[in-house]
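Below, each chain spelled out in residue letters.
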2 protein chains.
Amino acid sequence: MKKTVTLSLLVTGMAVFGQFKEDSIQFSKISSEILNNGKGYTELKDLTKNIGNRLSGSEAYEKSVKWAEQKLRDAGADKVWLQEVMIPVWVRGKESLQIKTADGQWKKLKMLSLGNSEGTGGKDVSGEIIMVKSLEEYDRLTESQVKDKIVFFNHPFNQSYAQTFIAYREAGAYRRSAAILTAKKGGKFAIIRSLSSAFDDVPHTGNMRYEDNISKVPAVTIGNTTADELEKLLKNKKVTAKLNSNCGMKGEKLSHSVIGEITGKKDQSVIVVGGHLDSWDVGEGAHDDGAGIVQSIEVLRTFKKLGIQNNHTIRAVCFANEENGTKGGKQYGKTARDSNEKHLFAIESDAGGFSPRGISLEMDDKNSTQIQSWVNLFLPYGVYNFDGKYSGSDIAPLHEMGVPTAELVPDPQRYFDIHHTEEDTFEKVNRRELLLGSVVMTQLIYMIDKNW
Amino acid sequence: MKKTVTLSLLVTGMAVFGQFKEDSIQFSKISSEILNNGKGYTELKDLTKNIGNRLSGSEAYEKSVKWAEQKLRDAGADKVWLQEVMIPVWVRGKESLQIKTADGQWKKLKMLSLGNSEGTGGKDVSGEIIMVKSLEEYDRLTESQVKDKIVFFNHPFNQSYAQTFIAYREAGAYRRSAAILTAKKGGKFAIIRSLSSAFDDVPHTGNMRYEDNISKVPAVTIGNTTADELEKLLKNKKVTAKLNSNCGMKGEKLSHSVIGEITGKKDQSVIVVGGHLDSWDVGEGAHDDGAGIVQSIEVLRTFKKLGIQNNHTIRAVCFANEENGTKGGKQYGKTARDSNEKHLFAIESDAGGFSPRGISLEMDDKNSTQIQSWVNLFLPYGVYNFDGKYSGSDIAPLHEMGVPTAELVPDPQRYFDIHHTEEDTFEKVNRRELLLGSVVMTQLIYMIDKNW
Ligand SMILES: [Zn+2]
Ligand SMILES: [Zn+2]
């Protein structure tokens, strides 16, 4: 009896080892193919340099739709199509922020309106600046202290965290809620210190929110250096700010997400890999999220090139309008639900084209435990961290429908130096780091396609 | 009895957990201090922009000695001194490589002589180029096939490896041995394809070797694009190359390594953290190894600033002449042996100022197992990989004396794009990535100082 058990354990052990070896060889083939022949880097150059930034509603975004359609065909997708989606049209227009002290001259500040912010309708709006360092400090201010003032939310990005996304989420509360908070106490507009890990003067735009029945006051952002200077000035003097901006929401427009797939050989249940095709209207949207787009297209290309016979349908989705509405993701989820299309799994890459370190898993324990059991296959590629519990915002609607979702976790140190700025350019992307992200997503999808 | 055991296990368990919590708080203090107040980034800017590259024997190297001395004092070292060391003086001089086909004109190639290579004494040396792709292919050539020829070692850097250092070591064999191999079969000089992961035309210099009693023929290197073009040309035509170079070794010179330390409170046994102060003579020596220098100085600064009472002496060593002789490391080892100075541990940072991923451990199992047992303290800082078994070349002499040694393991994707080139500049270094390397070394030294 004992011998039999030992033997059967041995046989199981050998089968497990044989399986590991086979998967490990496939992982290596995927890595070699992409690191040697990957097209993602040159495609990202094309997207960033020949189209550039591509905010929802812009002509550039429409160009990028055609571009993605072509690239998915080039990658060898069996089917490529556009998915209709109504997207908001926000336009920056002219904008200028000036400050002055009682004894001084007006001085222009380097600034950006936050995305989705209304402007001043081309008129000057001015008032005295009051500064707060935290939401708690703002909460303590009375309405009469804020009335007709300009509120400067000067909360610094916390450099202490080794994981920058924690600092980003903390500081993000200010970007999202500053306008609402300011309006509630009768302030005229809000100035927000940028969510930036860099020691420079580059303002970082990004999404802000309004609430129904609360006045839509403008929200603008300034870089770290300007914020420091303003703070210093406010220590000794009253400072007046004057904003003039034509920014604003200009209705909606019909546009598209772009989808390509390789048909499943066994069934048509769908594995999604995606990123968002839109970007903010400054810089080139290289890391955010040109990277996720070219990485996702590369996954399809690699399956085709290596002739991997996928059981399930593998679909690359270039989502529309992540930055200021996530309408693409919402429409994709709705369409999947309406058409009763079974989704097996979805992964998004939207944290920059940096060296991958992990995969964040938003799914039940059974599924996440299985993926975590593959860690030794991933370790040679620098991927060790499966502890995150979130996934991308474009695939959140799929997650709400019960689909196991995930996000690629790249190294987070450089992202918030350049995120949503004029500095998010192709030059900031490294070829091997970008391609490795695609390697890891292809490897994961290979495993899920085979085992689920 | 059983109760007693359970209780005692519980007590031990709580003590272990209490210890973990205490260390974890200290890790966090170290990280916050360095990420918020670290001086390494601005010091690296000063070193690279105001001194620049600093090859052994150059005036710039001597400036960097004074610079490091001052920075160690600024960091609060209890003692700072220079350690005398004889270093080789290699000088690049003028250099030019041209090629031509029978029906063509002479055409200048972008090139660099390899470090330590002799030149042509200012005369033209020319001959027909023969190309090999591998050492095996070269081995098959007869002496008459190589005699009076120029050998082009066109071995490409293997992009397939996720771990670029494997590709670097493979390709490194060509850089180190090309001149010897060429001379042995009567060739006139060697052209080596650069050890480069970039798809560009930047030549990468680096150390090469000669052997006694074998003619010292020159060895030069060309970037990837030029190498590809030359390969294409050689497919159809005979190509002649002409080298004219004044490079060469110009004897030796007395110079210095720079050392600073915080005296041990319990004993004077030494923990070393270091990098090399010299660099190649192109670019700014920012990642290689200005990064290791400022990171090491930061370790001392952080111990002083946080008032950590170190049991043992903590010493930052800025080694002379790593690149073309490792005389600084050798002299340091010799001095330690001659003076019977006990060394507890040594770590070097010499793989670039990128986001840290691990610590490579060259020591016996007992010590490495203990360090590996601290992995959960390091994981929040992105450090998970303790599998490497090597350490830096400057501390190899210490290792040979039985000292446990280690090396910081940063992300390896970008290093060989710029290593030993004009592109290794301050702009390629990210503040947080650089400082995190110092965080991790300070944390490790804190643990070793406390537990060893
Ligand atoms: Zn994004
Ligand atoms: Zn080095």
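Everything here concerns the structure above.
The sections below set out a description of the structure shown in this document.

What counts as what
- Residues take numbers from 1 onward in each chain, read along the sequence in its written order.
- Starting at A for chains and at 1 for ligands, labels are handed out in the order in which the entities are written.
- Local features in a predicted model are, by the rule used here, given only for residues with pLDDT of at least 70; side-chain atom pairs are given and counted only at 80 or more, and totals for whole chains, interfaces and linings are based on all residues.
- With hydrogens and water stripped out, all remaining heavy atoms of the structure feed into the side-chain values.
- Helix and strand labels come from DSSP, where a helix needs a run of H or I of at least four residues and a strand needs a run of E of at least two; each type is numbered from the N terminus.
- Atoms considered for the radius of gyration are the C-alpha atoms alone. The globule rule reads 2.2 Å times the number of residues to the power 0.38.
- A simple rule labels every residue: compare its accessible area, found with a 1.4 Å probe on the protein chains alone, to the largest value its type can have, and call it buried under 20%, exposed over 50%, or partly exposed in between.
- Any pair of residues with heavy atoms lying within 4.5 Å of one another is described as a contacting pair.
- Areas reported as accessible are Shrake-Rupley estimates using a 1.4 Å probe. Residue values count occlusion only from the protein chains shown.
- Asp and Glu are treated as the negative residues and Lys and Arg as the positive ones, with His and the ends of the chain left uncounted.
- All charge positions are set by atom: Lys at NZ, Arg at CZ, Asp at CG, Glu at CD.
- Only nitrogen, oxygen and sulfur atoms count as donors, using a 2.8 Å cut-off from the metal that widens to 3.2 Å for Na, K and Ca. Water is left out, so coordination shells may look unfilled.
- When two rings of Phe, Tyr or Trp (its six-membered ring) have centres within 6.5 Å they constitute a pair, described as stacked for plane angles under 30 degrees, edge-to-face for angles over 60, and tilted for the intermediate range.
- Comment: axis = line fitted to C-alpha atoms, over the contacting stretch for helices; angle = value between 0 and 180 degrees taken between N-to-C directions.
- Geometric relationships in this document are graded by angle, where less than 35 degrees denotes roughly parallel, more than 145 denotes roughly antiparallel, 65 to 115 denotes roughly perpendicular, and other angles denote oblique.
- Put simply, a crossing is left-handed when the front helix is turned counterclockwise from the back one by less than a right angle, and right-handed when it is turned clockwise.
- For this scheme, ten residues count as nonpolar: Ala, Val, Leu, Ile, Met, Phe, Trp, Tyr, Cys and Pro. Four count as charged, namely Asp, Glu, Lys and Arg, and the remainder, Gly too, count as polar.
- Should DSSP find at least two bridges between two strands, the strands are regarded as paired.
- The rule is simple: four donors are tetrahedral if all their angles sit between 85 and 135 degrees, four are square planar and six octahedral if opposite donors span more than 155 degrees and the others lie between 65 and 115, and anything that fits none of that is irregular.
- Note on terms: buried area is the combined drop in 1.4 Å-probe accessible area of two parts once they are placed together, counting the loss on both.
- Each reported salt bridge corresponds to a side-chain nitrogen of Lys or Arg within 4 Å of a carboxyl oxygen of Asp or Glu.
- Any pair of nitrogen or oxygen atoms within 3.5 Å is treated as a polar contact; in protein, a donor-acceptor pairing is required on top of that, and neighbouring residues in sequence qualify only through side-chain atoms on both sides.
- Overlaid copies result from least-squares superposition on C-alpha atoms, with residues included only where pLDDT is at least 70 in both.

1. Re the overall build of chain A
Helix and strand content of chain A: 14 helices and 15 strands. Taken against the 2.2 N^0.38 rule, which gives 22 Å for 452 residues, the C-alpha radius of gyration of chain A at 24 Å falls within 12% of a compact globule. Taken over the C-alpha atoms alone, chain A extends approximately 90 × 50 × 40 Å along its principal axes. A buried classification covers 60% of the 452 residues belonging to chain A. Intrachain contacts of chain A at a sequence separation of at least 6 include 83% that bridge at least 24 residues. Surface summary for chain A: the accessible area is close to 17900 Å², and the carbon and sulfur share equals 51%. For chain A, the distance from the average site of its 59 positive side-chain charges to the average site of its 59 negative ones is 1 Å.

2. Regarding the coordination of the zinc ion (ligand 2)
All names here are of chain B. With distances of 1.9 to 2.8 Å, the protein atoms coordinating the zinc ion (ligand 2) are His276 (NE2), Asp288 (OD), Asp350 (OD) and Asp350 (OD). Ordering the donors of the zinc ion (ligand 2) by residue number gives the pattern H-x11-D-x61-D. Within this pair, whereas His276 is found in strand β11 (residues 270–276), its partner Asp350 is found in the loop between β13 (343–348) and β14 (356–362), the two being separated by 74 residues in sequence. By relative accessible area, which is 0% here, His276 ends up buried.

3. A few points about the packing of aromatic side chains
Each pair of aromatic rings is reported with the distance of its centres and the angle of its planes. Residue and element names in this part refer to chain A. Within the structure shown, the criterion is met by 31 aromatic pairs over all chains. With 6.0 Å between their ring centres and 45° between their planes, Phe157 and Phe416 make a pair best called tilted. Of this pair, Phe157 sits in the loop between β6 (150–153) and α6 (164–184) while Phe416 sits in helix α13 (residues 415–418), and the two are 259 residues apart along the sequence. With a relative accessible area of 0%, Phe416 lands in the buried category. Ring centres 4.9 Å apart and planes at 75° place the aromatic pair Phe165 and Phe416 in the edge-to-face group. Highlighted residues: Phe165 in helix α6 and Phe416 in helix α13, separated in sequence by 251 residues. Every member of this aromatic cluster is reached through a ring pair, and the members are Phe157, Phe165, Tyr168, Phe354, Tyr415 and Phe416.

4. A few points about the packing of helix α8 (residues 286–306) of chain A against helix α14 (residues 431–451) of chain A
Residue and element names in this part refer to chain A. Axis separation between α8 and α14 bottoms out at 9 Å; the angle between their running directions is 50°. Classified by the angle between their axes, α8 and α14 sit oblique to one another. The chirality of how α8 crosses α14 is right-handed. Here Ala291, Val294, Gln295, Ser296, Glu298, Val299, Thr302 and Phe303 of α8 lie close against α14, whose contacting residues are Leu434, Leu435, Gly437, Ser438, Met441, Thr442, Ile445 and Tyr446. Of the residues in the contact of α8 with α14, the class split is nine nonpolar, six polar and one charged.

5. Quick notes on the pairing of strand β14 (residues 356–362) of chain A
Residues and elements named next belong to chain A. The buried fraction of β14 amounts to six of the seven residues, a majority that puts the element mostly inside the structure. As defined by bridge partners, β14 adjoins strand β15 (residues 405–410) across six bridges and the pair is classed as antiparallel. Looking at β15, one finds that Gly358 is bridged to Val409.

6. Some remarks on the side chain of A:Thr101
You can see A:Thr101 is positioned in strand β2 (residues 95–101). Sequence-distant contacts of A:Thr101, that is, excluding residues within four places in its chain, are made with A:Leu233, A:Lys237, A:Lys238 and A:Val239.

7. Some details on the coordination of the zinc ion (ligand 1)
Residues and elements named next belong to chain A. For the zinc ion (ligand 1), the full set of protein donor atoms is His276 (NE2), Asp288 (OD), Asp350 (OD) and Asp350 (OD), at a range of 1.9 to 2.8 Å. Coordination at the zinc ion (ligand 1) is irregular: its four donor atoms span angles of 51 to 148° at the metal. Look at where the donors of the zinc ion (ligand 1) fall in the sequence and you get H-x11-D-x61-D. A residue pair is termed long-range when its members are at least 10 positions apart, and His276 in strand β11 (residues 270–276) and Asp288 in helix α8 qualify at 12 residues. For the residue pair His276 and Asp288, the accessibility class agrees, reading buried in each case.

8. Some thoughts on the environment of A:Gly275
Its place among the elements puts A:Gly275 in strand β11. Linking A:Gly275 and A:Ala102, residues 173 residues apart in sequence, is a C-alpha distance of 49 Å.

9. Regarding the interface of chain A and chain B
Across the boundary between the two partners, chain A contributes 29 residues, which contact 29 residues of chain B. Surface buried jointly by chain A and chain B totals about 2400 Å² across both partners, of which 44% is contributed by carbon and sulfur atoms. Linking chain A with chain B are two salt bridges. The residue A:Arg414 makes a salt bridge to B:Glu433 at a minimum N-O spacing of 3.3 Å. The interface formed by chain A and chain B contains 20 residue pairs in polar contact (both at pLDDT 80 or more). Residue assignment for the side of chain A that touches chain B shows that the elements contributing at least two residues are α1 (2–37), β14 and α14 of chain A. When grouped by side-chain class, the residues that make up the side of chain A that touches chain B number 10 nonpolar, 12 polar and seven charged.

10. Topic: the relation of the copies chain A and chain B
The transformation that overlays chain A on chain B combines an axial shift of 0.0 Å with a rotation of 180°, and the residual RMSD is 0.0 Å. Both copies of the chain, as the preceding transformation shows, are related through a two-fold rotation axis. In terms of proximity to the rotation axis, the leading residue of chain A is A:Tyr384, whose C-alpha is 3.8 Å off the axis. Here 100% of the contact residues of chain A are again contact residues in chain B; the copies associate through an equivalent surface.

11. A look at unusual backbone geometry
With the exception of glycine, most residues fall at negative phi, and the peptide bonds are largely trans. The amide bond that connects A:Asp288 to the next residue, A:Asp289, takes the cis arrangement and shows omega of 0°. Residue placement: A:Asp289 occurs in helix α8. Residues other than glycine seldom take positive phi values, yet B:Asp148 does so here, at roughly 65°. Mapped onto the fold, B:Asp148 is located in the loop between α5 (143–146) and β6 (150–153). B:Asp148 sits in the partly exposed class, given a relative accessible area of 40%. Backbone geometry places B:Asn321, a non-glycine residue, at a positive phi of 60°. Here B:Asn321 is to be found in the loop between β12 (313–319) and α9 (327–338). By relative accessible area, B:Asn321 is classed as buried at 0%.

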